[in-house]
Amino acid sequence: MPSLFRRKSTDLVDEAVSSVTPEETADRPRGYTPAKGRETPKRPTVGRRPAGPTRPLTKEEERERRRQLRTEAAAEFRREGGPRDRGPERLLARNVVDSRRTVGTWFFGGALIVLIGSNAAMPPVVRLISNVLWGALALGVVVDSLLICRKIGKLVRERFPKSDQRMGSLYLYAVMRSITFRRMRAPAPQVKLGDKV
């Protein structure tokens, strides 16, 4: 077996080293590299970042560009949601909530009426009615939330039996969506009212 660290014979070393005359080096530019038999390939332009603007943007252009980026980000969030909205179980919970009318959507409007009606300057009858309304709204939200959670739990067990989703966080997600006005929900509802989920 040949040794790994043996010396090369002097004739091989002499062949590898080519003699270069001073006249040849004078003709070459300073950064010259000898050719390797093929042309160096160009870098691909696909996927490269486009060159930036040649001139700096003015304040108005920079403000307009930032506004446009914010608008695009808001539209994307409205359409697709954020990281907490991902997953088939979350989509199912959203569809269950979006397919029905919920008491929670009226909760904040009712709370505003109750706040005005419970003012000390109001007559006692108005204050009594606002307190009854407040209790009815609270009870309606609780009952509606329990019905929504029960339906979501049943559907998740049927459709995703091996799901590792925590049911408590899924219920909270659905309840928070149910008390949000339909037009303000993100991601936007994908089912119509009354659709079967």
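Since we're looking at a predicted model, the values are computed, not measured.

What counts, and at which threshold
- For every chain, the first residue of the written sequence is number 1, and numbering continues from 1 along that sequence.
- Residue-level local features of this predicted model are given only where pLDDT is at least 70; pairs of side-chain atoms are given and counted only at 80 or more, and the full residue set underlies all totals for whole chains, interfaces and linings.
- Only hydrogens and water are set aside when side-chain values are computed; all heavy atoms of the structure are taken into account.
- Note on definitions: the grid is 1 Å and covers protein atoms alone; a cavity is a set of points where a 1.4 Å probe fits but cannot get out; a pocket is an open set with protein on both sides within 12 Å along at least five of seven lines; lining residues have an atom within 4 Å of a point.
- Grid points are joined across faces, edges and corners, and a volume is the space filled by probe spheres set on the points.
- Charged residues are taken to be Asp, Glu, Lys and Arg, nonpolar residues to be Ala, Val, Leu, Ile, Met, Phe, Trp, Tyr, Cys and Pro, and polar residues to be all remaining types, Gly included.
- Salt bridges are defined by distance alone: a side-chain nitrogen of Lys or Arg within 4 Å of a carboxyl oxygen of Asp or Glu.
- Residue types Ala, Val, Leu, Ile, Met, Phe, Trp, Tyr and Cys, when buried and joined through side-chain atoms within 4.5 Å, form a set referred to as a nonpolar core.
- Relative accessible area decides the class of each residue, using a 1.4 Å probe on protein chains only: under 20% of the type maximum gives buried, over 50% gives exposed, and in between gives partly exposed.
- Note on conventions: DSSP H or I runs of at least 4 residues are helices, E runs of at least 2 residues are strands, and numbering of each starts at the N terminus.
- The contact rule is simple, with two residues in contact once any of their heavy atoms fall within 4.5 Å.
- Each polar contact in these results corresponds to two N or O atoms within 3.5 Å; when the atoms are within protein, one needs to be able to donate a hydrogen and the other to accept it, and residues that are neighboring in sequence are counted only if both atoms are side-chain atoms.
- Charged residues are defined narrowly, with Lys and Arg counted positive, Asp and Glu counted negative, and His plus the chain ends left uncounted.
- Each patch is built from salt-bridge-free residues with over 30% relative accessible area, joining like charges within 9 Å and nonpolar side chains (Val, Leu, Ile, Met, Phe, Trp, Tyr) within 5 Å.
- Where accessible areas are quoted, they stem from the Shrake-Rupley method and a 1.4 Å probe; at the residue level, only the protein chains shown are allowed to cover.
- For this analysis, a ring pair means two rings from Phe, Tyr or Trp (six-membered ring only for Trp) whose centres lie within 6.5 Å, classed as stacked if their planes differ by under 30 degrees, edge-to-face if by over 60, and tilted for the remaining angles.
- A fitted line through C-alpha atoms serves as each axis, taken over the contacting stretch for helices, and the angle formed by two N-to-C directions is quoted from 0 to 180°.
- Each angle gets one of four labels, with under 35 degrees taken as roughly parallel, over 145 as roughly antiparallel, 65 to 115 as roughly perpendicular, and the rest as oblique.
- By the definition used in this description, the sense in which the near helix is turned from the far one sets the handedness, with an anticlockwise turn below a right angle giving left-handed and a clockwise turn giving right-handed.
- Charge positions are represented by NZ for Lys, CZ for Arg, CG for Asp and CD for Glu.

**Quick notes on the layout of surface pockets**
Moving on, step 1. Quantified by volume, the largest pocket comes out at close to 190 Å³.
Moving on, step 2. Among the residues making up the lining of the largest pocket, the classes are represented as three nonpolar, two polar and four charged.

**A short note on the pattern of salt bridges**
Moving on, step 1. With the rule as written, the count across this model stands at six salt bridges.
Moving on, step 2. Because the salt bridges share partners, they merge into one network encompassing Glu62, Arg65 and Arg66.

**Thoughts on the nonpolar core**
Moving on, step 1. Core analysis: the largest hydrophobic core is formed by 11 residues, namely Leu92, Ala93, Val96, Val97, Ile148, Ile152, Leu155, Val156, Leu170, Tyr173 and Ala174.
Moving on, step 2. Secondary structure elements with two or more residues in this core: helix H4 (88-98), helix H6 (124-159) and helix H7 (167-178).
Moving on, step 3. Filtering out sequence-adjacent residues up to four positions away, valine 156 remains in contact with Glu89, Leu92, Pro161, Met167 and Leu170.

**Here we look at the side chain of arginine 185**
Moving on, step 1. With respect to the secondary-structure elements, arginine 185 resides in the segment after H7.
Moving on, step 2. The exposure class assigned to arginine 185 is buried, which follows from its relative accessible area of 3%.
Moving on, step 3. Engagement of the side chain of arginine 185 in a polar contact is seen with the side chain of aspartate 98, the distance being 2.8 Å.
Moving on, step 4. Residues in contact with arginine 185, not counting those within four places in the same chain, are Arg78, Val97, Asp98, Thr102, Thr105, Arg177, Ser178 and Thr180.

**Quick word on the side chain of aspartate 85**
Moving on, step 1. Note on placement: aspartate 85 falls in the loop between helix H3 (59-80) and H4.
Moving on, step 2. Of the side chains with opposite charge, arginine 84 lies nearest to the buried aspartate 85, which makes no salt bridge, at 4.1 Å.
Moving on, step 3. Not counting residues within four places of it along the chain, the set of residues in contact with aspartate 85 comprises Arg90, Arg94, Tyr173, Ala186 and Pro187.

**Side note on unusual backbone geometry**
Moving on, step 1. Cis geometry marks the peptide bond from alanine 186 to proline 187, where omega comes out at -5°.
Moving on, step 2. Structurally, proline 187 can be placed in the segment after H7.

**Points about a nonpolar patch on the surface**
Moving on, step 1. A contiguous nonpolar surface patch, about 330 Å² in accessible area, is contributed by Phe108, Phe181 and Met184.
Moving on, step 2. By the element assignment, methionine 184 lies in the segment after H7.

**Some words on the packing of aromatic side chains**
Moving on, step 1. Tallying each qualifying case throughout the model produces two aromatic pairs.
Moving on, step 2. Relative to phenylalanine 108, the ring of phenylalanine 107 lies with its centre 5.6 Å away and its plane at 75°, an arrangement referred to as edge-to-face.
Moving on, step 3. A relative accessible area of 18% places phenylalanine 107 in the buried class.
Moving on, step 4. The exposure class assigned to phenylalanine 108 is partly exposed, which follows from its relative accessible area of 43%.
Moving on, step 5. Every member of this aromatic cluster is reached through a ring pair, and the members are Phe107, Phe108 and Trp134.

**Notes on the packing of H4 against H6**
Moving on, step 1. Relative to each other, H4 and H6 sit at 140°, their axes nearing to 10 Å. Put simply, H4 runs oblique to H6. Taken as a pair, H4 and H6 cross one another with a handedness that is right-handed. Between H4 and H6, the residues in contact are Glu89, Leu92, Ala93, Val96 and Val97 and Ile148, Lys151, Ile152, Leu155, Val156 and Arg159, respectively.
Moving on, step 2. Among the residues making up the contact of H4 with H6, the classes are represented as eight nonpolar, no polar and three charged.

**As for a positive patch on the surface**
Moving on, step 1. A surface patch of like charges, here positive, comprises Arg150, Lys151, Lys154, Arg159 and Lys196.
Moving on, step 2. With respect to the helices and strands, lysine 154 occurs in helix H6.

**Some details on the environment of leucine 172**
Moving on, step 1. Within the secondary structure layout, leucine 172 lies in helix H7.
Moving on, step 2. Between the C-alpha atoms of leucine 172 and cysteine 149, which are 23 residues apart in sequence, the distance is 8.6 Å.

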